[in-house]
Structures are given as structure tokens and as C-alpha cells.
Amino acid sequence: MLNDSLPKYFDPRKYANHESAFEGYIPLNQFKELCAILASDEGNAFIHLDFRVDEDKRYIASGSLSAQVQVVCQRCMGAVPYDLALDLALGFVYDEDHAKKLPKDYDPVVMTDGEVILADMVEQEIILALPIVAYHEESGCNPTAVKYASSTDDAPDDEKPNPFSILAQLKAK
């Protein structure tokens, strides 16, 4: 069952037992935490998930997540386009104790009352995939910002005399 209308909440157990799938777009402006760290909230995230129950009776989903987001350049504070393309391997669990027992191949997603809020899950995956620091190519930044961000401009222009040089002279006597 593939469709473009994504549920707000979903029960991974139901989807896994029926070996269902869904895909669709979620506008980036629905992600409040993500929008607070992006330069722009324009665009969409595309999610595709295939659900199943594995041999150990775990509720599993695999799929992909893609989006183009505008992160903030740390040199000029302008918008930098950044393409995200993630492969997802999710294991749905009831609590943190179950999450610790999940194989390392799966990222745990804790269900609340057997359900998951899709937008929250997608938002957290995007935030985790963002670069810690983003920059334009130097030619893409504002020239003034590049000048002030250059490490060579931070070097002192002239050497000041060492205030302890007098002590060195006294020690020599």
C-alpha cells in the first residue's frame, strides 16, 4: 500500500504485521525544532518506509529519507543548500530497555502507547544527519565575510618585545 497521504500517527505493529509500506512528502515547515536551526523552512522531506516483522518478532522498517535543506554558513551567515539522502533501518520498541536490546543495525524508535508521530520521527532523523558546521565554497561567500573569517587576518601585524627579555639579561649577569 503506497500512497502520498502520510498518516500523522501510525502503529508500526499494524504496518509490520501486514508488511505494508508508505511514502510521501512532509513540508519542512512542520518541523519546529529543525526550522529553528535552518536558514529557510522551504521545501519538503520525502520518506519511504517498508515495514515487516523480523525473525525475532521485532517490528522493523527500512527505507529512505531525502530532502534539500538550507543550513546556515558559519562564515558569512548566508544560506547553504545541503542535500540529505538517508538510508533508514528502524526498530520500533516500547521503552528504553527494549532499545538497548535492539541490534546495532537498527536505530531505535520508542513507541508511545503503541504509536509513533511520523513528523517527530522524521524531524529527529534529519537533525541527526545535518552537518555540525556548514560553509559555502570560499567563492560562494560574501567577500567581506571571507576577509574577516580568514585566519591570516588574525595574526599580529608586528612583533611586540617580550616583557621577560629583561629578566633574561639579568640572569645572564
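Whatever comes next refers back to the structure up there.
Residues numbered from 1 in each chain as written. Predicted model: local features only at pLDDT ≥ 70, side-chain atom pairs only at ≥ 80, totals over all residues. Heavy atoms only, no water.

> Just to check I follow, could you spell out the pairing of strand S4 (residues 59–72) for this structure?
When a strand is regular, its side chains alternate between the sheet's two faces. Here strand S3 (residues 44–53) runs beside S4; their pairing, made up of 9 bridges, is antiparallel. Residue pairing for S4: phenylalanine 51 is matched across the bridge by alanine 61. Here S4 runs beside strand S5 (residues 79–93); their pairing, made up of 14 bridges, is antiparallel. Bridging from a neighbouring strand, tyrosine 59 pairs with phenylalanine 92 of S5. (Pairing = 2+ DSSP bridges. Helix = DSSP H or I, 4+ residues; strand = E, 2+ residues; numbered from the N terminus.)

> I keep staring at the pattern of salt bridges and nothing clicks. Help me out?
Side chains that differ in sign of charge can pair as their charged atoms come close. Across all of its chains, the model carries 3 salt bridges by this definition. Among the salt bridges present, the one from arginine 58 reaches aspartate 54, with a minimum N-O distance of 2.9 Å. When its relative accessible area of 23% is taken as the criterion, arginine 58 is described as partly exposed. (Salt bridge = Lys/Arg side-chain N within 4 Å of Asp/Glu carboxyl O. Buried < 20%, exposed > 50% of the residue type's maximum accessible area, 1.4 Å probe, protein only.)

> I'm lost on the environment of valine 122 in this one. Help?
Positionally, valine 122 belongs in helix H4 (residues 118–129). Residues valine 122 and isoleucine 26, 96 residues apart in the sequence, show an inter-C-alpha distance of 8.8 Å. Leaving out residues up to four positions away in the same chain, valine 122 has contacts with Ile26, Phe31, Ala45, Ile47 and Leu65. (Contact = heavy atoms within 4.5 Å.)

> Where do I start with the sheet that holds S4 in this structure?
The strands that make up a sheet are held in pairs by hydrogen bonds between backbone atoms, and each pair lies either parallel or antiparallel. Strand order in the open sheet made by the 5 strands is S2-S3-S4-S5-S6, with mixed pairing throughout. Whereas interior strands pair on both sides, the edge strands pair on one side only; in this sheet they are strand S2 (21–27) and strand S6 (107–110). Sheet twist, expressed as the average angle between the axes of neighbouring strands with direction ignored, equals 30 degrees. Together, S2, S3, S4, S5 and S6 form the strand contacts of H4, whose direction differs from that of S5 by roughly 125 degrees. (Axes fitted to C-alpha atoms, helices over the stretch in contact; angles between N-to-C directions.)

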